[in-house]
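Architecture and fold: a report
Okay, here's what each chain looks like letter by letter:
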Amino acid sequence: NAGVTQTPKFQVLKTGQSMTLQCAQDMNHEYMSWYRQDPGMGLRLIHYSVGAGITDQGEVPNGYNVSRSTTEDFPLRLLSAAPSQTSVYFCASSLLADNEQFFGPGTRLTVL
Amino acid sequence: GIQVEQSPPDLILQEGANSTLRCNFSDSVNNLQWFHQNPWGQLINLFYIPSGTKQNGRLSATTVATERYSLLYISSSQTTDSGVYFCAVEDPNTDKLIFGTGTRLQVFP
């Protein structure tokens, strides 16, 4: 199993550009989530999904969209990037919502 | 929402020393997990421990759910233990995982 994979590893955007961060898992997990990690603030939940076709907002959803058309994939979209979205983004998955979480390697995003 | 506090925020040890990291949470939770983020940024799940005690090699964890805290013990620390240790709890009202701000551990040879 590859586990949880994320692409790209690094990305630099200009303010106003859009992009999609990819996340995939091959463990047949129902629950997937996106976090951002900022210095001194731990991880904060952006969006999550309890299964294909179902998504919901976390603590800091503004400026981000998600979709879950398949069990395996959970992309995160930035429609109009802002410098405040400079962060490290982690995708995670678990069998169910209250099970052990597995994290991807992260994407370091810089918005100029 | 649930508040998660970790202490100490920073810890510096010499190789071979033991340490205890603490996680306090403000309300009842469904479960609690401990993670290690290594210096390269990778997050590894150490323990899934809603209650009781678990051990894995030199690491062990104890959660006392009724008193709303968990402890992570690291014995005979090694330089590879360096990084940030996070605890995260699941809020039973929202099913969301809430992270503490972490304990940064540095182990020197």
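Counting restarts for each chain, with residues numbered from 1 along the sequence as it is written. The naming scheme follows written order: chains are lettered A onward, ligands numbered 1 onward. Confidence filtering applies because this is a predicted model: local features only for residues at pLDDT of at least 70, side-chain atom pairs given and counted only at 80 or more, and all residues used for totals across whole chains, interfaces and linings. Think of the side-chain values as coming from all heavy atoms in the structure, minus any hydrogens and water.

Points about the confidence of the model for chain B
Detail in the predicted coordinates should be disregarded across regions flagged by low pLDDT. What pLDDT conveys is the predictor's confidence in a given residue, as a value from 0 to 100. On average, residues of chain B carry a pLDDT of 94, and 100% of them reach 70 or more. Here strand 10 (residues 97–99) of chain B stands out as the least confident element of chain B, with mean pLDDT 90; strand 8 (residues 69–74) of chain B is the most confident, with 98. Each helix is a run of DSSP H or I of at least 4 residues and each strand a run of E of at least 2, with the numbering of both proceeding from the N terminus.

Observations concerning the sheet that holds strand 7 (residues 64–66) of chain A
Residues and elements named next belong to chain A. Read from one edge of the open sheet, four strands run 1-3-8-7, paired in antiparallel fashion. Each edge of the open sheet carries a strand with a single partner, namely strand 1 (4–7) and strand 7. Along the sheet, successive strands turn relative to each other by an average axial angle of 20°, direction set aside. Strand pairing is assigned whenever DSSP detects at least two bridges linking the two strands. In this description, a line fitted to the C-alpha atoms serves as the axis of each element, helices being fitted only across the stretch in contact, and the angle between N-to-C directions of two axes falls anywhere from 0 to 180 degrees.

Some remarks on the packing of aromatic side chains
Here is the rule: rings of Phe, Tyr and Trp (six-membered ring for Trp) pair when centre to centre is within 6.5 Å. Planes less than 30 degrees apart are stacked, more than 60 are edge-to-face, and the remainder are tilted. Counted according to the given criterion, the structure contains nine aromatic pairs over all chains. With centroids separated by 6.2 Å and ring planes inclined at 80°, the aromatic side chains of Phe86 of chain B and Phe99 of chain B adopt a geometry described as edge-to-face. Of this pair, Phe86 of chain B sits in strand 9 (residues 83–90) while Phe99 of chain B sits in strand 10, placing them 13 residues apart in sequence. Phe99 of chain B shares its class with Phe86 of chain B; the two are buried. What links up through ring pairs into an aromatic cluster is the set Tyr35, Phe90 and Phe103 of chain A together with Phe35, Phe86 and Phe99 of chain B. Criterion for a charge above a ring: Arg CZ or Lys NZ at most 6 Å from the ring centre, at most 35 degrees from the ring normal. Taking NZ or CZ as reference, Arg68 of chain A lies 5.9 Å from the ring centre of Phe74 of chain A, over its face. Only protein chains enter the accessibility calculation, which uses a 1.4 Å probe; a residue whose area is less than 20% of its type maximum is buried, one above 50% is exposed, and one in between is partly exposed.

Things to note about the layout of surface pockets
As a volume, the largest pocket reaches approximately 670 Å³. Lining residues are those with an atom within 4 Å of a point, where the points come from a 1 Å grid over the protein atoms alone and group into cavities, where a 1.4 Å probe fits but cannot get out, or pockets, open sets with protein on both sides within 12 Å along at least five of seven lines. Forming the boundary of the largest pocket are 31 residues, of which Gln37, Val88 and Arg108 of chain A together with Gln37 and Gly41 of chain B lie nearest the centre. Looking at the lining of the largest pocket, the elements that each hand over two or more residues are strand 9 (87–94) and strand 11 (107–111) of chain A together with strand 9 and strand 11 (103–108) of chain B. With four residues, strand 11 of chain B is the single largest residue contributor to the lining of the largest pocket. Among the residues making up the lining of the largest pocket, the classes are represented as twelve nonpolar, 14 polar and five charged. Roughly 280 Å³ of internal volume is contained in the second largest pocket. Lining the second largest pocket we find 15 residues, and of these Glu59 of chain A together with Ile2, Gln3, Ile98 and Phe99 of chain B sit closest to its centre. Sorting the residues of the lining of the second largest pocket by element identifies strand 5 (43–51) of chain A together with strand 10 of chain B as the ones contributing at least two each. Grid points are joined across faces, edges and corners, and a volume is the space filled by probe spheres set on the points. Residues are grouped as follows: nonpolar covers Ala, Val, Leu, Ile, Met, Phe, Trp, Tyr, Cys and Pro; charged covers Asp, Glu, Lys and Arg; every other residue, Gly included, is treated as polar.

Here's the deal with the pattern of salt bridges
Pairs can form between side chains of opposite charge once their charged atoms are near each other. One speaks of a salt bridge when a side-chain nitrogen belonging to Lys or Arg is within 4 Å of a carboxyl oxygen belonging to Asp or Glu. For the structure on display, the rule yields four salt bridges over all chains. Where Arg44 of chain A meets Asp38 of chain A, a salt bridge forms, and the shortest distance between an N and an O atom there is 2.8 Å. The class for Asp38 of chain A is buried, based on a relative accessible area of 10%. Linking Arg68 of chain B and Asp27 of chain B is a salt bridge whose minimum nitrogen-to-oxygen distance equals 3.8 Å. With Arg68 of chain B in the loop between strand 7 (59–64) and strand 8 and Asp27 of chain B in the loop between strand 3 (19–25) and strand 4 (32–37), the pair connects residues that are 41 residues apart, well separated along the chain. A relative accessible area of 34% means that Arg68 of chain B is categorised as partly exposed. Using a relative accessible area of 37% as the deciding quantity, one classes Asp27 of chain B as partly exposed. Several salt bridges converge on common partners, so that one network encompasses Arg36, Asp38 and Arg44 of chain A.

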